[in-house]
Amino acid sequence: MNGQADASYKFGAGRFLMQQGLLEEAGAELAHYGKKPFVVGGPTAISLVQKRLTSGLQAAGMEGAFSIHPGHVYHEAARQKAQEAREAGCDMVVAAGGGRAMDFGKLVAYYLGARVICMPTSISTCAAYSPFSLIYTPEGRTIPGNFCYEMENAALLVDLDIMAAQPTRYVVSGMLDAMGKFVEIKNGHTEMPEQESPLALYAAYLLARYSFEKLQHLIDQVLEDIRRQRVSSALEDMVFLNIPLTGIISGLSRGVGQSAIAHDLYYQTRYLFPKEVQGALHGEIVGLGILPQLYYNGEPEKVEPFRNFLKHVGAPTCLTEIGFPLTQENYAKLYESMAASIFVGQDAVSRKRFADALSQIAQ
C-alpha cells in the first residue's frame, strides 16, 4: 500500500451486508478479519453504535476498542490512531460514521497494516465502498489527488435501523453525489458514444444513467420513510444505489473517470475557502456542481429543471448557499482554478463555454 493509484479494478468491498439489527450480529462477521476491532468515528457515530456493537461483539466472544476522532482526514491523526489501536491490541479497523469517518478509518487501517470494515451511519457519500480516501490538512483544506489503497475494503456493514434514523439532509447529499457521476462521466458531451469508449467506462456510464433516473424516482418516498423512521424497500434501494452501486461505478472508472466539473467544484471550494464552505456537505457541493456540468456538456436546457429539483429536495442552488464568499475577486479565483483543470478544454471555445457554465451558479 503506497497511496498511489494502480491499473487494477477494485470494486469497493469484499463483503456487503445490509439488514435490520445488523449491529447485534456484527461480531460473527468481524471475526472473519481478526480478533479485536478498533472502532473509530465521530462522537455522534460512536454514540449510535457503541452499545449495540458491543453487544454484538460479546455475543461472538469478542471485545472492541472505541475511539473518537472529530476532526478532518489527515495523515498525522491517522498515524496516532493507528498507534492507539496497536497499543490496544487491535488487528482490524471498523470505520463508523459518514463519508469523512469512512475515509479516516481507511487511512487508520493503512497505517495499522490491517483490513478496514466500513459501518456507515449515513449515506451522504459512497466513501464506505470506495478504496481511496480524500485527504485534507488539519484545518480542512483539500489536498489534490486521492490516497489510494491496494486492496478493496474488507466489508461494508449497513444496519437499516440506523439508516432509517439518519437526517434527511444526508440522504439528499448522498443522492446528489451519486447523480453527479452520470453527468460527469460524459464531461463535455451530451452522450457517451459506445464505439469510442472503453468497455468498462461505458458500463459505468450505463449504470450511472440508471442510478440518476432511479434516484430521482425514489427520493420523495425515501424522505417520507426517514421522517417516519421507517425501514422500507425504497430506503433499501436508496442505500444500495448510493453506496455499493455508486462504488462499483467508481471502480469501473478506476476512481477517476467518473469525476469532472461537479466534483472539481467541491475540491476547489474546499481548497480555496475551507472555512467558509465547511458547513456544506460533500454531496451538496457536488449537486450544485451538476448545474455547470450540464451546461458544459451542451445541455443548457436541463439546467433550470435540475435547479428546480435541487430546490425541491432542499439542496443548494447557488454558490452563496454553500457558504462561498461571493465577490468578484473570489469568483475570479474559483474560475481560474477550475478552468485550468483537466476537465475543461484549453481552447477559446471551451473556456468560454465553461465561463458561461460556471455563471449558472453565481447568482
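The present account deals with the structure reproduced in this document. (Residues numbered from 1 in each chain as written. Predicted model: local features only at pLDDT ≥ 70, side-chain atom pairs only at ≥ 80, totals over all residues. Heavy atoms only, no water.)

Brief notes about the overall build of the chain
Working step 1: The helix and strand tally for the chain stands at 13 helices and eight strands.
Working step 2: Projecting the C-alpha coordinates of the chain onto the three principal axes gives extents of approximately 65 × 40 × 40 Å.
Working step 3: A buried classification covers 58% of the 363 residues belonging to the chain.
Working step 4: When contacts within the chain are restricted to residue pairs at least 6 apart in sequence, long-range pairs at least 24 apart make up 76% of them. (Helix = DSSP H or I, 4+ residues; strand = E, 2+ residues; numbered from the N terminus. Buried < 20%, exposed > 50% of the residue type's maximum accessible area, 1.4 Å probe, protein only. Contact = heavy atoms within 4.5 Å.)

A look at the pairing of strand β7 (residues 142–148)
Working step 1: Note that strand β6 (residues 132–136) and β7 share four bridges and pair antiparallel. Bridge assignment links F132 to a residue of β7, and that residue is C148.
Working step 2: If you look at the hairpin formed by β6 and β7, you'll find five residues sitting between the two strands, and G140 has a positive phi there, around 100°. (Pairing = 2+ DSSP bridges.)

Side note on empty space enclosed by the protein
Working step 1: All told, the structure shown has two cavities of 30 Å³ or more when counted by the stated rule.
Working step 2: Counted as a void, the largest cavity has a volume near 40 Å³.
Working step 3: L134, I135, Y136, T142, I143, G145, N146, Y266 and Y267 together form the lining of the largest cavity.
Working step 4: Sorting the residues of the lining of the largest cavity by element identifies β6, β7 and α9 (261–272) as the ones contributing at least two each.
Working step 5: In terms of residue count, the dominant contributor to the lining of the largest cavity is β7 (four residues). (1 Å grid on protein atoms, 1.4 Å probe; cavity = no way out; pocket = protein on both sides within 12 Å on 5 of 7 lines; lining within 4 Å. Points joined across faces, edges and corners; volume = space filled by probe spheres on them.)

Some thoughts on the environment of Q195
Working step 1: Its location among the elements puts Q195 in the loop between α6 (168–185) and α7 (199–227).
Working step 2: Classification of Q195 by relative accessible area gives exposed; the value is 74%.
Working step 3: Once the C-alpha coordinates of Q195 and K333 are considered, the two residues, 138 residues apart in sequence, prove to be 38 Å apart.

Thoughts on the sheet that holds strand β8 (residues 153–159)
Working step 1: Within the open sheet, the six strands sit side by side as β1-β8-β5-β4-β2-β3. Their pairing is parallel. Two strands lie at the open edges of the sheet, namely β1 (13–19) and β3 (65–68), each paired on one side alone. Across the sheet, the axes of successive neighbouring strands diverge by a mean angle of 20°, strand direction being ignored.
Working step 2: Relative to β8, β1 runs parallel, the two being bridged by six bridges. Looking at the pairing, R15 lines up with A155 of β8. (Axes fitted to C-alpha atoms, helices over the stretch in contact; angles between N-to-C directions.)

Looking at the packing of aromatic side chains
The geometry of an aromatic ring pair comes down to the distance between the two centres and the angle between the two planes.
Working step 1: Applying the stated criterion to the full structure yields 15 aromatic pairs.
Working step 2: Lying across the ring of Y271, R141 places its NZ or CZ 5.5 Å from the centre. (Phe/Tyr/Trp six-rings, centres within 6.5 Å; stacked < 30°, edge-to-face > 60°. Lys NZ or Arg CZ within 6 Å of the ring centre and 35° of its normal.)

Digging into unusual backbone geometry
Working step 1: One non-glycine residue, Q229, lies in the positive phi region at around 50°.
Working step 2: Among the secondary structure elements, Q229 is positioned in the loop between α7 and α8 (233–252).

Quick notes on the packing of helix α10 (residues 282–296) against helix α11 (residues 303–312)
Working step 1: Across the interface, α10 lies against α11 with an axial gap of 9 Å and an inter-helix angle of 170°. Between α10 and α11, the angle falls in the class roughly antiparallel. Of the residues in α11, those in contact with G287, I290, L291, L294 and Y295 of α10 are V303, F306, R307 and L310.
Working step 2: Broken down by class, the residue content of the contact of α10 with α11 amounts to seven nonpolar, one polar and one charged. (Parallel < 35°, antiparallel > 145°, perpendicular 65-115°, else oblique. Nonpolar A, V, L, I, M, F, W, Y, C, P; charged D, E, K, R; others polar.)

Quick notes on the pattern of salt bridges
Working step 1: Applying the stated rule across the entire model yields 17 salt bridges.
Working step 2: Across the salt bridge formed by E336 and R351, the nearest N and O atoms sit 3.6 Å from each other. Within this pair, whereas E336 is found in helix α12 (residues 328–339), its partner R351 is found in helix α13 (residues 348–358), the two being separated by 15 residues in sequence.
Working step 3: Classification of E336 by relative accessible area gives partly exposed; the value is 43%.
Working step 4: We note a salt bridge from K352 to D356, for which the minimum N-O separation is 2.7 Å. Taken together, the residues K352 and D356, both in helix α13 and four residues apart, mark about one turn of the helix.
Working step 5: Classification of K352 by relative accessible area gives partly exposed; the value is 48%.
Working step 6: Its relative accessible area of 24% is what places D356 among the partly exposed residues. (Salt bridge = Lys/Arg side-chain N within 4 Å of Asp/Glu carboxyl O.)

Examining helix α4 (residues 99–112)
Working step 1: Its 14 residues give α4 an end-to-end C-alpha distance of 20 Å, which sits within 8% of 20 Å, the value for a rise of 1.5 Å per residue.
Working step 2: Within α4, 12 of the 14 residues are buried, leaving the element largely enclosed by the surrounding structure.
Working step 3: Listed in full, the buried residues belonging to α4 are G99, A101, M102, D103, F104, G105, K106, L107, V108, A109, Y110 and L112. (Expected span 1.5 Å × (residues − 1).)

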